[in-house]
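# Chains, contacts and geometry: an overview
Single-letter residue listing:
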Amino acid sequence: MKKLHNSSQAVPEFYVVIPARHASTRLPGKPLLDIAGKPMVVWVAERALLSGAKQVIVATDDIRIVDAVGQYGCAAVMTDANHVSGTDRIAEVASIKGWHDDAIIVNVQGDEPLIDAKLIVEIATALSVNTDAVMATACHAIHDKSDFANPNVVKVVMDVNGNAMYFSRAPIPYPRDTFAQDEVLAEGLPAYRHIGIYAYRASFLKQYANLAPAAIEQYECLEQLRVLYQGYKIAVTISENAPAAGVDTESDLARVRALMA
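The following refers to the structure shown. None of these values were measured; they are calculated from a predicted model.

## Description of the packing of aromatic side chains
Following the criterion strictly, the structure yields 6 aromatic pairs and no others. A ring pair is formed by F148 and F179, whose centres lie 5.9 Å apart and whose planes are at 70°; its orientation type is edge-to-face. Highlighted residues: F148 in helix 5 (residues 145-149) and F179 in the loop between strand 9 (164-168) and strand 10 (192-201), separated in sequence by 31 residues. With a centroid separation of 6.2 Å and 70° between ring planes, the pair formed by F204 and Y208 is classed as edge-to-face. One end of the pair is F204 and the other is Y208, both in helix 6 (residues 202-208) and 4 residues apart, which spans about a single turn. An identical accessibility class is assigned to F204 and Y208; each is buried.

## Section: the environment of L119
Tracing the sequence through the fold places L119 in helix 4 (residues 117-129). Between the C-alpha atoms of L119 and S24, which are 95 residues apart in sequence, the distance is 26 Å. Apart from the residues within four sequence positions on either side, L119 is in contact with A138, I195, I197, S239, N241 and P243.

## What about helix 9 (residues 250-260)?
Buried within helix 9 we find D252, L253, V256 and M260. Across the axial projection of helix 9, the buried residues extend over an arc of 100°, all falling on one side. Exposed residues lying more than 90 degrees from the buried face of helix 9 are E250, S251 and A258. In this structure, the buried side of helix 9 is in contact with strand 2 (34-35) and helix 1 (40-49).

## Examining helix 2 (residues 63-70)
Listing the buried residues of helix 2 in full gives I65, V66, A68 and V69. Where helix 2 is buried, its residues meet strand 1 (14-20), strand 3 (38-39), helix 1, strand 4 (55-60) and strand 5 (75-78).

## Concerning the pattern of salt bridges
In total, this model carries 8 salt bridges according to the counting rule given. Where E46 meets K38, a salt bridge forms, and the shortest distance between an N and an O atom there is 2.6 Å. Taking relative accessible area as the criterion, E46 reaches 24% and is therefore assigned partly exposed. The exposure class assigned to K38 is buried, which follows from its relative accessible area of 16%.

## Topic: the nonpolar core
By size, the foremost hydrophobic cluster in this structure holds 34 residues, and its most contacted members are W99, I105, M135, V156 and F167. Setting aside anything within four residues of it in sequence, one finds W99 in contact with Y15, V17, Q55, I57, V93, A94, I105 and A202. In this structure, A53, C74, A133 and I195 belong to the second largest nonpolar core, which totals 33 residues.

## Details of the side chain of D88
Summarising the element assignment, D88 is placed in helix 3 (residues 86-97). In this structure D88 is buried but unpaired, with R226 as the nearest side chain of opposite charge at 5.8 Å. A polar atom in the side chain of D88 sits 2.9 Å from the side chain of S85. Excluding residues within four positions of it along the chain, D88 makes contact with H83, Y208 and A209.

## So, the layout of surface pockets
Considering only enclosed or pocket space, the largest pocket measures out at about 1700 Å³ in volume. Contributing to the lining of the largest pocket are 48 residues, with Q109, D111, E112, G196 and D248 lying nearest its centre. Secondary structure elements with two or more residues in the lining of the largest pocket: strand 1, helix 3, strand 7 (135-141) and strand 10. Residues of the lining of the largest pocket, tallied by class, amount to 23 nonpolar, 14 polar and 11 charged.

## Here we look at unusual backbone geometry
Keep in mind that most residues, glycine aside, have a negative phi and that most peptide bonds are trans. Residue P173 is reached from I172 by a cis peptide bond, and omega for that bond is -10°. When you line up the elements, P173 lands in the loop between strand 9 and strand 10. Its identity is not glycine, yet A36 carries a phi of approximately 50°, on the positive side. Looking at the secondary structure, you find A36 in the loop between strand 2 and strand 3. Residue class for A36 comes out partly exposed when judged on its relative accessible area of 46%. A positive phi angle is found at C221, which is not glycine, with a value near 60°. Here C221 shows up in the loop between helix 7 (215-220) and helix 8 (225-229). Judged by relative accessible area, C221 falls into the exposed class, the value being 57%.

Rules of the game
- Residues numbered from 1 in each chain as written.
- Predicted model: local features only at pLDDT ≥ 70, side-chain atom pairs only at ≥ 80, totals over all residues.
- Heavy atoms only, no water.
- Phe/Tyr/Trp six-rings, centres within 6.5 Å; stacked < 30°, edge-to-face > 60°.
- Helix = DSSP H or I, 4+ residues; strand = E, 2+ residues; numbered from the N terminus.
- Buried < 20%, exposed > 50% of the residue type's maximum accessible area, 1.4 Å probe, protein only.
- Contact = heavy atoms within 4.5 Å.
- Arc of directions from axis to C-beta.
- Salt bridge = Lys/Arg side-chain N within 4 Å of Asp/Glu carboxyl O.
- Core = buried A, V, L, I, M, F, W, Y, C linked by side-chain atoms within 4.5 Å.
- Lys, Arg positive; Asp, Glu negative; His and termini not counted.
- Polar contact = N/O pair within 3.5 Å; in protein donor to acceptor, adjacent residues only side chain to side chain.
- 1 Å grid on protein atoms, 1.4 Å probe; cavity = no way out; pocket = protein on both sides within 12 Å on 5 of 7 lines; lining within 4 Å.
- Points joined across faces, edges and corners; volume = space filled by probe spheres on them.
- Nonpolar A, V, L, I, M, F, W, Y, C, P; charged D, E, K, R; others polar.

Next up, the structure:
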């Protein structure tokens, strides 16, 4: 398969790390679940390779995942089993590999077997061109009022420079005069759904582990709010390449298996 290139913007050099824990409350052994004859995490790694990343590495805490990934010619690194987040796991990989401080690292979740390689390129490029940001992420427009009101759909509001002002499970920005009575969203409302993919500079990953959790992060259950709370900038790109939903439940797994069959 051909690798993807963005003709309108120079694509920076970047790495992809895929954090993949074997333990999962709802789907034990999730990264190794079979989808059309291959472990789910292998599908993710193969899609990430299409982005043109300099290296794609699965970061795990379980030798079974290392072995499974290796059988398909993909790279994996064993990391500490005690990491509290995927970001911490990625930071360990950056340290092990000795990537320079300016290196761009994209975090692709191990339960996104339908991830679009174009989205990975977009995130890396967004961080590359925004030198004031320590991270980059993505969003896409919300058109449905039920999605806008749904607390499981994370929203983001951006400033004039395309940096995140806030992420929330609440409907933001809230259309004060029309929300209660209207069945549809107000025309022109800048409502955007956050897509959970991130790019970091390696230098910031070293700092991240030392940032104390913030109250807003803990109440919203949104890890990225820790970064905003500490005054750092997160660049946000508006993407047309929103991924299909990841695999969190048995019904998600059945849906993806049907699509891949």
